[in-house]
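Observations on chain architecture
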Amino acid sequence: MAAAPAPALELVHRTCPLCEAKCGLTVEVERETRRVHTVRGDPQDPFSEGYLCPKGYGLKGLFEDPDRLRRPLRRDRASGRWSEIGWDEAFDLVTARLRAVRETHGADAIAAYLGNPTAHDGLSAFYTGGFLRALGSRWRFSATSVDQLPKAVSSALLFGSSGAFAIPDVDRTDYFLVLGANPLASNGSLMTAPDMPERLRRLRARGGKLVVVDPRRSETARIADRHLFLRPGSDALFLFALVHVLFEEGLVRLGALEGQVNGVEAVRELAREFAPETVAAATGVAPEAVRTVARELAAAERAVCYGRIGTCTQEFGTLASWLVDVVNVLTGNLDRPGGALWPRPATSPAHPKPRRRGSLPYARWRSRVRGLPEFAGELPVAALAEEIDTPGPKGEGVRALVTLAGNPVLSTPNGARLAEAFARLDFMVSIDIYLNETTRFADVILPPTTHLERENYDLVFHGVSVRNTTKWSQAAFAPEPGAMHQWDILLELTARLGGVSAQVVDDLVLDHFLGQTVGAEGTACPDVTKEEAKAILAAETGARGPQRIVDLLLRTGPWGDRFRGEKNGPGGTDGLSLAALRAHPHGIDLGAMEPRLAEVVATESGKVELAHPLVVADVARLRAALDARRPDTGAGRMVLIGRRHLRSNNSWMHNLPALAKGPDRCTLLVSPEDAARLGLADGGRAKVRSRVGSVEAPVVVSDEMMPGVVSLPHGFGHAVEGVRLSVAARHAGVCSNLLADETLLDALSGNAVLNGIPVEVSAA
Ligand SMILES: Nc1nc2c(c(=O)[nH]1)N[C@H]1C(S)=C(S)[C@@H](COP(=O)(O)OP(=O)(O)OC[C@H]3O[C@@H](n4cnc5c(=O)[nH]c(N)nc54)[C@H](O)[C@@H]3O)O[C@H]1N2
Ligand SMILES: Nc1nc2c(c(=O)[nH]1)N[C@H]1C(S)=C(S)[C@@H](COP(=O)(O)OP(=O)(O)OC[C@H]3O[C@@H](n4cnc5c(=O)[nH]c(N)nc54)[C@H](O)[C@@H]3O)O[C@H]1N2
Ligand code: SF4
Ligand SMILES: [Mo]
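All values reported here derive from a predicted model rather than from experimental measurement.

What follows deals with empty space enclosed by the protein. What the rule picks out here adds up to seven cavities of 30 Å³ or more. In this model, the largest cavity occupies a volume close to 110 Å³. Together, 16 residues line the largest cavity, and Thr15, Lys22, His462, Thr469 and Lys471 are the ones closest to its centre. Of all the elements in the fold, those that place two or more residues in the lining of the second largest cavity are β8 (167-168), β13 (303-307) and α13 (317-330). Looking at the lining of the second largest cavity, the element that brings in the most residues is β13, giving four residues.

What follows concerns the site of ligand 1. With respect to spatial proximity, 30 residues lie near ligand 1, and among them Tyr113, Asn116, Ser411, Asp432 and Ser651 are the closest. Here an oxygen atom of ligand 1 sits 2.7 Å away from a polar atom, N or O, in the side chain of tyrosine 113. Here an oxygen atom of ligand 1 and a side-chain polar atom of arginine 454 are 2.8 Å apart. In the complex, 98% of the free accessible area of ligand 1, which totals 910 Å², lies under the protein chains. Grouping the constituent residues of the shell around ligand 1 by class yields 13 nonpolar, 13 polar and four charged. Structurally, the shell around ligand 1 is a two-domain feature, drawing no fewer than three residues from each of domain 1 (73-148 + 361-446) and domain 3 (632-763).

This next bit is on the site of ligand 3. As a matter of local geometry, ligand 3 sits amid Cys16, Leu18, Cys19, Ala21, Lys22, Cys23, Leu52, Cys53, Lys55, Gly56 and Asn187. Counted by class, the shell around ligand 3 contains seven nonpolar, two polar and two charged residues.

Positioned with a positive phi, leucine 190 is a non-glycine residue whose angle comes to about 50°. Locating leucine 190 in the fold gives a position in the loop between α5 (183-186) and α6 (196-205). In this structure leucine 190 comes out as buried when scored by relative accessible area, which is 12%.

So, how was this worked out
- Residues numbered from 1 in each chain as written.
- Chains lettered and ligands numbered in written order.
- Predicted model: local features only at pLDDT ≥ 70, side-chain atom pairs only at ≥ 80, totals over all residues.
- Heavy atoms only, no water.
- 1 Å grid on protein atoms, 1.4 Å probe; cavity = no way out; pocket = protein on both sides within 12 Å on 5 of 7 lines; lining within 4 Å.
- Points joined across faces, edges and corners; volume = space filled by probe spheres on them.
- Helix = DSSP H or I, 4+ residues; strand = E, 2+ residues; numbered from the N terminus.
- Near = heavy atom within 4 Å.
- Polar contact = N/O pair within 3.5 Å; in protein donor to acceptor, adjacent residues only side chain to side chain.
- Areas by Shrake-Rupley, 256 points an atom, 1.4 Å probe, with all protein chains shown as cover.
- Nonpolar A, V, L, I, M, F, W, Y, C, P; charged D, E, K, R; others polar.
- Domains from an automatic or database assignment.
- Buried < 20%, exposed > 50% of the residue type's maximum accessible area, 1.4 Å probe, protein only.

Shown next, in the form of structure tokens:
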């Protein structure tokens, strides 16, 4: 008997869209039957060299997940029932309702919230700005203000640009000082570097040192040369003490930065009062340990200080983020190989001239209820609930909401208040792939295609990568009939809100990028007219959609073919274009980061501004907190921090059986001292209370916790009415953001405090 013909397996190469590491994946698929055989790390990817984590494999589960939404849904408010509707009907309904709110109450009655996955969908990113402009509201929120906002603010103050994140050169450094990051669980953030375990192993193998400062002996701390316990929220004090020692012991060496930096003396003055001995009680770090780290940093040939979530989502997030870069400047490690550098994405301008900015995009408007400052066009999400549930005397306030790839009910502070506020909205639309804790309040859910059905190009994370590379992600499958890409959804909504055709909007978006890249002096291609460029793009890439914009940016970028077949590629090879990327499906290596300070710094003076007045003013707040920070562990008073697990991704991958299985991960970690003092037993249950809420969680007693600090991961809490998450519901956990207090902020940036939340802990 003849064997049945083996199914035709095809290999699809793409970049994993799930976290910032951006691993190259090879997906083995059977196109005809739309089956995913397996997902593997791609050994030929020049950046990730075959690495992947369990979440990468999760793309298979995500594609197959029966709970994942595939058609627009409409909720009947009376019955609470959901029904599938067609796209046209959905778009009509959404535009009519949003317009009605805008006409009656003004554009600011509509708020928008953008979640984390928007950063990973490069092709739809081109259309988000236009969509937000079509909404016309200044009430824009995003996951930025529960994440990297303090780093964006400090980078804007130091370097004149909120996107100018200096990235640790982990592959070449000799001394890696890590505060508030756990790359062995998170795989790195604002430091795109696939296979952090191997990179850190190599660092140590070449004689380098890894030092981790964290209130928990994290997975990363466990493999470090030294781990220092630090009281949550006291990083700015610790870093000021480091700076103090650098000055006191004459260890400051600007090196090549000499003449490029203003404010060194001002920083010396500010640091004077923060001696290691002065801050020790507040930080919990022994003065001698601070001095040792300062001396080692200064002595290392190449060293870098790096801070992430733990240094951002806390009371002094901006000061801590600023001090991280201050330390790099004072030790001469900014803009130097092995220190912190700025990557050069293939889609960035070929001849960047920093755009000097007169004024900072800060506090140009403020939130209505609490007067919180806008930054770069956004308000802090900690203000969202009150903007809905506290109407003004004339009925002012938010009445309609758009969420795009976000789950703020689980991800932002005081989720309970936010959920109540969402239930009061006149209208809500969510562009999302799940009916979850947030989208259950929507009137309409518009689900885009899932990752394996779309092509992708990474626009964000090439800009924070420890190495310059470029790669086009292939789609594994055509979209299911009747499915829409996220960019197409945004385009259609923009067009309908503006009363024009989608093609008109699409061409406007392209035109915006053409204006920046061709046909004028100072652009990459002064001798290529817009019309010529548009015609070439239409012929080679298509007459609509985001692919042609990627093609344009690649051709006009540092390695681009300039529309003239120029050999600007690495090593004098053919210049980049989308076609060139398609011909290299594993990606192209573009080399290590290189110094480029003059291209990046966009301050008025053209120099790094070490002592911006806003930062200097905020130091008074730090000083005032110094005394208040002595550990007070009486009567069960503790502070809460979060943590991440390799198999979990914020709030939304708990519905995939392969990832969700295994022991309960939503546990409260408690130090043995605290457990004994509070009468908590390993395996028992604890009640954790904060000003805004309380939850119960299973206790794990562990000496990895600093006494006085407990840890609960975020992103859980799936046991709520009305969600369609059958797997997640069985591993529901509790939501740590029911404890996060929306009134606790990093005052300067408005970022939420998610680490260092005062709580009371008792046996349940
Ligand atoms: N306590 C505490 N809270 C935290 C943090 C913490 O450390 N501690 N971390 C914070 C951080 S760093 C972040 S980034 C935020 C994240 O906050 P959010 O972005 O609000 O939350 P996510 O959990 O990432 O939810 C992503 C949403 O997008 C949907 N989704 C996934 N892929 C797609 C897609 O391709 N298109 C669309 N349209 N939807 C999609 C998912 O179903 C889900 O609803 O959480 C923050 N919250
Ligand atoms: N597996 C997995 N990977 C992820 C994510 C995920 O949810 N799961 N989320 C992704 C996202 S959106 C982001 S932004 C990144 C975040 O990437 P990371 O910043 O590496 O995130 P965490 O693993 O939360 O590490 C934060 C560390 O800060 C410590 N910490 C808490 N408070 C303080 C403090 O006050 N001071 C100091 N010094 N340390 C403190 C915590 O104990 C923890 O070890 O991860 C990304 N990658
Ligand atoms: S570390 Fe995991 S989730 Fe992150 S990009 Fe790689 S495979 Fe994807
Ligand atoms: Mo994040």
